[in-house]
Amino acid sequence: MAILIPLVFLFSYFFIRKIWFQLRKIRTVGTIERIELGYIRPNLILPEVKVHYKYYFQSGLYYGSGYLNLSDFLPTEEFHLHLGPGENPILYVGDMEIITEEHIEHYLLSKGGSVFLYLDPIEPYHSRIDTVNLNSITVPSDLL
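On a predicted model such as this, the values are computed, not experimentally measured, just so you know. (Residues numbered from 1 in each chain as written. Predicted model: local features only at pLDDT ≥ 70, side-chain atom pairs only at ≥ 80, totals over all residues. Heavy atoms only, no water.)

Draft legend 1. Representation of the side chain of Asn133 within the structure. Position of Asn133 among the secondary structure elements: in strand S8 (residues 127-133). Within the structure, the side chain of Asn133 is placed 3.3 Å from the backbone nitrogen of Asn135, a separation counted as a polar contact. When residues no more than four places from it in sequence are discounted, the contact partners of Asn133 are Gly112, Gly113, Ser114, Val115 and Phe116. (Helix = DSSP H or I, 4+ residues; strand = E, 2+ residues; numbered from the N terminus. Polar contact = N/O pair within 3.5 Å; in protein donor to acceptor, adjacent residues only side chain to side chain. Contact = heavy atoms within 4.5 Å.)

Structural data, given as structure tokens:
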């Protein structure tokens, strides 16, 4: 019984701390810098991509990375990804064929160029990807 009371206090402290950290998270937008395909050699491509992003918070610029599924970038389209000749990745989307990692990265960036992030305001370099922002972000300009 003497051990039970300190354990209850310890578990309640960690539980309250976890809830407190989750409540103070801020949702913000970060721009995608680069997308990397994941490989398992010799001939398998993972359905996950590594996303490198940057975001501004208060007076600083921060960088981060995380993993998302390819289906997050292409939610309504069917796709197939495999390694072709010369170990070049080939992405089939509908009736389009996209070859090489650079072209696939460019195509995915055209679908979603930013991500929604959760970050800790006290330690802003601790961020976590929530979802891909599939809406385009544009700035109107007066060209007249």
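Draft legend 2. Summary view of a nonpolar patch on the surface. On the surface, a nonpolar cluster with roughly 640 Å² of combined accessible area is contributed by Ile3, Leu7, Leu10, Phe11, Tyr13 and Phe14. Within the secondary structure layout, Phe11 lies in helix H1 (residues 4-23). Classification of Phe11 as exposed rests on a relative accessible area of 57%. (Patch = residues over 30% accessible without salt bridge, like charges linked within 9 Å, V, L, I, M, F, W, Y side chains within 5 Å. Areas by Shrake-Rupley, 256 points an atom, 1.4 Å probe, with all protein chains shown as cover. Salt bridge = Lys/Arg side-chain N within 4 Å of Asp/Glu carboxyl O. Buried < 20%, exposed > 50% of the residue type's maximum accessible area, 1.4 Å probe, protein only.)

Draft legend 3. Region of the structure containing the sheet that holds strand S3 (residues 60-69). Pairing within the open sheet is antiparallel, and its five strands lie in the order S3-S2-S1-S7-S8. Both edges of this open sheet fall to S3 and S8, since each of them pairs with a single strand only. Neighbour-to-neighbour, the strand axes of the sheet open up by a mean angle of 35°, direction not taken into account. (Pairing = 2+ DSSP bridges. Axes fitted to C-alpha atoms, helices over the stretch in contact; angles between N-to-C directions.)

Draft legend 4. Focus on the nonpolar core. Ranked by size, the top nonpolar core spans 26 residues in total, and within it Val51, Phe73, Leu108 and Val115 carry the most contacts. Every element with two or more residues in this core is listed here: strand S1 (26-40), strand S2 (44-57), helix H2 (70-73), strand S4 (79-83), strand S5 (89-93), helix H3 (101-111), strand S7 (114-119) and S8. At six residues, the largest contribution of residues to this core is made by S2. If near-sequence neighbours (up to four positions away) are discounted, Val51 is found in contact with Ile32, Arg34, Gly64, Ser65, Gly66, Leu68, Phe73 and Ile129. (Core = buried A, V, L, I, M, F, W, Y, C linked by side-chain atoms within 4.5 Å.)

Draft legend 5. Structural detail: H3. For H3, every residue scored as buried is listed here: Ile104, Glu105, Tyr107 and Leu108. Mapping the buried residues of H3 onto a view down its axis gives an arc of 165°, with all of them on the same face. Turned more than 90 degrees away from the buried face of H3, the exposed residues are Glu102, His103, His106 and Ser110. Next to the buried residues of H3 lie S1, H2, S4, S5 and strand S6 (96-99). (Arc of directions from axis to C-beta.)

Draft legend 6. Up close: the sheet that holds S4. Overall, antiparallel pairing links the three strands, which are arranged S4-S5-S6 in an open sheet. In this open sheet, the two strands that pair with only one neighbour each are S4 and S6. In this sheet, adjacent strand axes meet at a mean angle of 15° when their direction is disregarded. Direction of pairing for S5 relative to S6: antiparallel, over a ladder of four bridges. By the bridge assignment, Leu91 is partnered in S6 with Ile98. Against the sheet, H3 engages S4, S5 and S6, with an angle of about 35° to S5.

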